[in-house]
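Understanding the architecture of this molecule
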Amino acid sequence: MDAMINTVKGWIENPVKFARSHGVPLSASSDVANPDEQIHILIVEGFLLYNDPRLLDVFDKCYCITIPYEECKKRRSTRQYTIPDPPGLFDGHVWPMYLKHRREMEDSCLDIEYLDGLKSKEDIYNQVYEDIQNNLLNRL
């Protein structure tokens with residue numbers, strides 16, 4: 001987590017320098033020739049990001065994909081793990097920990113947009129993509 005936080009903060013300080021030093025190509029924009037003047041977007045993904053106080057001040061937009069208990073349990077039961085889940089792990093640990101961390105996330109005072117995990121990946125992607133585009137347009 002420490003390494004990831006340092007990476008995110010390094011990108012925030014100077015996204016162009018960060019990209020170049022990590023061998024990440026910068027996309028060319030026809031409108032802005034200077035990369036320092038372009039809009040840079042970093043997407044950080046992880047299921048406990050909103051629970052770490054060191055990151056709470058870096059997010060411009062927050063999304064959380066949620067699914068109901070029944071669907072979560074069904075999906076978890078169809079996964080193939082090298083070491084299978086012992087009986088009762090989902091109800092005794094996985095779901096209670098999800099609820100605990102979700103409460104902590106909700107208490108963080110972040111403006112989190114909840115996305116319906118029962119929708120297709122494409123629908124969720126399109127919803128977030130459109131939201132980010134609108135957000136950028138409103139900044140201009």
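Our structure's up above, just so we're on the same page.
In short, a report on the structure.

Description of the pattern of salt bridges
Applying the stated criterion across every chain yields a total of 11 salt bridges. Between aspartate 131 and lysine 61 there is a salt bridge, and its shortest N-O distance comes to 3.0 Å. Of this pair, aspartate 131 sits in helix H5 (residues 121-139) while lysine 61 is found in the loop between helix H2 (15-21) and strand S1 (62-66), placing the two residues 70 residues apart along the sequence. Its relative accessible area of 32% is what places lysine 61 among the partly exposed residues. Glutamate 71 is the salt-bridge partner of arginine 75, the closest N and O atoms lying 2.8 Å from each other. On the criterion of helical spacing, the pair formed by arginine 75 and glutamate 71 is a turn pair, its members being 4 residues apart in helix H3 (residues 69-78). In this structure glutamate 71 comes out as buried when scored by relative accessible area, which is 18%.

So, the nonpolar core
Judged by nonpolar contacts, Ile5, Val8, Leu49, Tyr50, Leu55, Val58, Phe59, Cys62, Cys64, Met105, Leu110 and Ile112 together constitute the single largest core of 12 residues. If you list the elements that add at least two residues to this core, you get helix H1 (2-13) and S1. Apart from the residues within four sequence positions on either side, valine 58 is in contact with Val8, Lys9 and Ile12.

Here's the deal with H5
If you check H5, its first and last C-alpha atoms are 27 Å apart, about what 19 residues at 1.5 Å a residue would give, namely 27 Å. Listed in full, the buried residues belonging to H5 are Ile124, Val128 and Asp131. Along H5, the residues classed as buried sweep out an arc of 60° about the axis, all on the same side. Across H5 from its buried face, at more than 90 degrees, point the exposed residues Glu122, Tyr125 and Leu137. Here the buried face of H5 lies against S1 and strand S2 (112-116).

Considering the packing of aromatic side chains
Using the criterion set out here, one finds 6 aromatic pairs in the structure. Judged by centre distance (5.6 Å) and plane angle (50°), the rings of tyrosine 69 and phenylalanine 90 are tilted. Highlighted residues: tyrosine 69 in helix H3 and phenylalanine 90 in helix H4 (residues 89-107), separated in sequence by 21 residues. Judged by relative accessible area, tyrosine 69 falls into the partly exposed class, the value being 27%. Under the relative-accessibility criterion, phenylalanine 90 is labelled buried at 8%. Ring pairs connect the aromatic residues Tyr69, Phe90, Trp95 and Tyr98, which therefore count as one cluster.

Details of the pairing of S1
Extensive coverage of S1 is indicated by the burial of 4 of its 5 residues. Two strands pair when backbone bridges link them, and S1 and S2 are joined in this way by 5 bridges, in the parallel orientation. Within S2, the residue paired with threonine 66 across the bridge is aspartate 116.

How each quantity is defined
Residues numbered from 1 in each chain as written. Predicted model: local features only at pLDDT ≥ 70, side-chain atom pairs only at ≥ 80, totals over all residues. Heavy atoms only, no water. Salt bridge = Lys/Arg side-chain N within 4 Å of Asp/Glu carboxyl O. Helix = DSSP H or I, 4+ residues; strand = E, 2+ residues; numbered from the N terminus. Buried < 20%, exposed > 50% of the residue type's maximum accessible area, 1.4 Å probe, protein only. Core = buried A, V, L, I, M, F, W, Y, C linked by side-chain atoms within 4.5 Å. Contact = heavy atoms within 4.5 Å. Expected span 1.5 Å × (residues − 1). Arc of directions from axis to C-beta. Phe/Tyr/Trp six-rings, centres within 6.5 Å; stacked < 30°, edge-to-face > 60°. Pairing = 2+ DSSP bridges.

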